[in-house]
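Residue-level structure breakdown
Residue strings, one per chain:
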Amino acid sequence: MAMLWVLNYADGNHSLLDIVEKAEMSFDVIYKSGKLLLEHKLLK
C-alpha cells in the first residue's frame, strides 16, 4: 500500500514527509517503498 501512496504523490510537489502525513504511515515504510521504486526505475 505504501508504494501506491508514493507513486500517487511523487509528483515533485510533495516530499516524503508530506506522503507520510497523508498516508498515516511511518517514515521508514514510505522511505523504503520510495527506494525500491527508484531501484526498479519506477521513479526518477
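Structure: above.
Residues numbered from 1 in each chain as written. Predicted model: local features only at pLDDT ≥ 70, side-chain atom pairs only at ≥ 80, totals over all residues. Heavy atoms only, no water.

1. Notes on the overall build of the protein
- Along the protein, the regular secondary structure elements total 3 helices and 0 strands.
- Along the chain direction, N to C, the helices and strands of the protein fall in the order α-α-α.
- Counting only C-alpha atoms and orienting by the principal axes, one finds that the protein spans roughly 25 × 20 × 15 Å.
- Every one of the 44 residues in the protein was classed for burial, and the buried ones make up 23%.
- Counted over contacts in the protein with a minimum sequence separation of 6, partners at least 24 positions apart contribute 42%. (Helix = DSSP H or I, 4+ residues; strand = E, 2+ residues; numbered from the N terminus. Buried < 20%, exposed > 50% of the residue type's maximum accessible area, 1.4 Å probe, protein only. Contact = heavy atoms within 4.5 Å.)

2. Observations regarding the packing of aromatic side chains
- In the structure shown here, the tally under the stated rule is 2 aromatic pairs.
- Both rings, one in Trp5 and one in Tyr9, keep their centres 5.8 Å apart while their planes meet at 10 degrees; by these two values the pair is stacked. Residue Trp5 and its partner Tyr9 are located together in helix H1 (residues 2-9), separated by 4 residues, close to a single helical turn.
- The exposure class of Trp5 is partly exposed, given its relative accessible area of 24%.
- Taking the relative accessible area as the measure of exposure, Tyr9 reaches 21% and is therefore partly exposed.
- With a centroid separation of 6.0 Å and an interplanar angle of 20 degrees, the aromatic rings of Phe27 and Tyr31 are classed as stacked. Of the two residues, Phe27 and Tyr31 are both situated in helix H3 (residues 27-39); the distance of 4 residues between them amounts to about one turn of the helix.
- On the accessibility criterion, Phe27 (40% relative accessible area) is partly exposed. (Phe/Tyr/Trp six-rings, centres within 6.5 Å; stacked < 30°, edge-to-face > 60°.)

3. Quick word on the side chain of Ser33
- Of note, Ser33 is situated in helix H3.
- For Ser33, a relative accessible area of 7% corresponds to the buried category.
- Contacts of Ser33, omitting those with residues within four sequence positions, involve Ala2, Met3 and Val6.

In short, shape yes, function no, at least from these values alone.
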